[in-house]
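# Summary of structural features
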Amino acid sequence: MEALSTPPDRAEPSLQLLLFVDKRPSSVEKIRQIRSRLKELAADYPFDLQVVDVGEQPHLAEHFRLIATPAIIKIYPEPRQTLAGSNLIAQIDSWWSRWKQSAQENRISLGSASPLPMAIESLPVPNSVTYSAELIRLSDEIFRLNQEKEELQEQLRFKDRLIAMLAHDLRNPLTAVSIALETLELGSSMREIYAESRLTPETMSQLIKHARTQAKTIDRLITDTLHAANSTGGKLNVQPRKFDLGKLCLSLVDDFQTKLQIKAQSISTDIPSDLPAVYADPDRVRQVLVNLLDNAVKYTPNGSHIQVSALHRTTQKVQVSICDDGPGIPAENRDRIFEDSYRLERDTTQDGYGIGLAVCQRIVRAHYGQIWVDSELGAGSCFHFTLPVYRP
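Let me sum up the structure you'll find in this document. Keep in mind that this is a model prediction, so the values were computed, not measured. (Residues numbered from 1 in each chain as written. Predicted model: local features only at pLDDT ≥ 70, side-chain atom pairs only at ≥ 80, totals over all residues. Heavy atoms only, no water.)

### Observations concerning the side chain of D53
Inspection of the secondary structure puts D53 in strand 3 (residues 48-53). Overall, the relative accessible area of 11% leaves D53 in the buried class. A polar contact of 2.8 Å, which involves the side chain of D53, links it to the backbone nitrogen of G55. Sequence-distant contacts of D53, that is, excluding residues within four places in its chain, are made with V21, D22 and K23. (Helix = DSSP H or I, 4+ residues; strand = E, 2+ residues; numbered from the N terminus. Buried < 20%, exposed > 50% of the residue type's maximum accessible area, 1.4 Å probe, protein only. Polar contact = N/O pair within 3.5 Å; in protein donor to acceptor, adjacent residues only side chain to side chain. Contact = heavy atoms within 4.5 Å.)

### Concerning the pairing of strand 2 (residues 16-21)
In terms of residue burial, strand 2 counts as a mostly covered element, since 6 of its 6 residues are buried. Burial along strand 2 is two-sided: Q16, L18 and F20 facing one way and L17, L19 and V21 facing the other are all buried. Pairing of strand 2 with strand 3 involves 6 bridges; the strand directions are parallel. Opposite L19, over in strand 3, you have V51 as the bridge partner. (Pairing = 2+ DSSP bridges.)

### Overview of the state of the cysteines
Per the stated rule, a full pass over the model turns up 1 disulfide. The disulfide bridge from C323 ends at C382, spanning 2.0 Å between sulfur atoms. Its torsion about the S-S bond being 120°, the disulfide of C323 and C382 is classed as right-handed. Separated by 59 residues along the polypeptide, C323 in strand 10 (residues 317-324) and C382 in strand 12 (residues 381-388) bring together distant segments of the chain. A relative accessible area of 17% places C323 in the buried class. (Disulfide = S-S within 2.5 Å.)

### Brief notes about the packing of helix 9 (residues 282-299) against helix 10 (residues 356-366)
Closest axis-to-axis distance for the helix 9/helix 10 pair is 9 Å, and the angle between their directions is 150°. Our classification of the angle between helix 9 and helix 10 gives roughly antiparallel. The two elements helix 9 and helix 10 cross, and the hand of that crossing is left-handed. Along the contact surface, helix 9 presents R284, Q287, V288, N291, L292 and N295, while helix 10 presents G356, L357, V359, C360, I363 and V364. Looking at the contact of helix 9 with helix 10 residue by residue, the class counts come to 7 nonpolar, 4 polar and 1 charged. (Axes fitted to C-alpha atoms, helices over the stretch in contact; angles between N-to-C directions. Parallel < 35°, antiparallel > 145°, perpendicular 65-115°, else oblique. Left-handed = near helix turned anticlockwise from the far one by under 90°. Nonpolar A, V, L, I, M, F, W, Y, C, P; charged D, E, K, R; others polar.)

### Thoughts on the pattern of salt bridges
In total, this model carries 9 salt bridges according to the counting rule given. The salt bridge involving E40 is made with R37; its shortest N-O contact spans 2.8 Å. Placement of both E40 and R37 in helix 1 (residues 28-42) is noted, with a separation of 3 residues, approximately one turn of the helix. Look at E40 and you get partly exposed, because its relative accessible area is 47%. With a relative accessible area of 25%, R37 lands in the partly exposed category. Where D294 meets K259, a salt bridge forms, and the shortest distance between an N and an O atom there is 2.8 Å. Of the two residues, D294 is situated in helix 9 and K259 in helix 8 (residues 257-262); the sequence distance between them amounts to 35 residues. By relative accessible area, D294 is classed as buried at 12%. Linked through salt bridges whose partners overlap, the residues forming this network are K23, D53 and E56. (Salt bridge = Lys/Arg side-chain N within 4 Å of Asp/Glu carboxyl O.)

Right, dumping it as structure tokens:
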């Protein structure tokens, strides 16, 4: 920004002008003529002229809402006035006498007022370009700081959700490990009393394998949670590979038999033998299935029925559905149940953190899939999600 000051032998100017210019070759001669005319007018009445290149300070052009250059703005005394167009010199000449008169009247008015303290006199004039530029800079800085504040607050909220998610997701594998260990312990103690009650080697091997698998799941959950907590974006870590989704579904149905027996619930499966392999993270998909199955068991009454089905929906997607004959979900809540920490009012007495479905949604979306629910009050619910088909 170029400033043309009043000569030292002239009075302090009471008229302040801004000249907005650009570096277009077609504007060079026009700007030279304007500046030459302004120099002539300065001999008639002193004024302060500041030249602003819109290419270097576009924010000032935006602040003054300019749509064309060159343009000249009278910023002091008020009111502000903007002149632009091809006949800019003629417009300046037309307004010059009124600008001069307004500046003289303003000087007389200020001269009759009490002198301002030196500290106040040294401040920029509220209508000056310096003041405007500083105001814009401070506004930009406040906007940037507010953005940083929001990002930090979101990071804190995300880490709070991570803690709740970890507590939620650790519950199922820890329960499975505990059941396996208790069964092994019981079998060992019964063997000492009743030889015929001891566990077979095959059963013991299956229990140990199951406990080891769940322990690995726990380790993965903790590792991924710590990784996400240390990242600013909170991006979910997935490691997709080819795997048999139908086999995973059937394995989890077997794992849930104990929970189902406690509530006298039954479960059926409809998984075609020719279901194609999917390209996804098996541990993460296991989380989704466990959460949905756990909800189906938890929120449906004793004696209810649950169905797990899968179908080759399109050439690109496989769809998994878990349906129950429970109380259903109100229409107005079907989208919100996938939000963090959202729970239906009727479920607030149940154990849990209200984040299981939010976890499922994040996992499915990380695989570029979709998750949704079809439900009617009193007629049960069907949760569906899709995963990409493996393409060699």
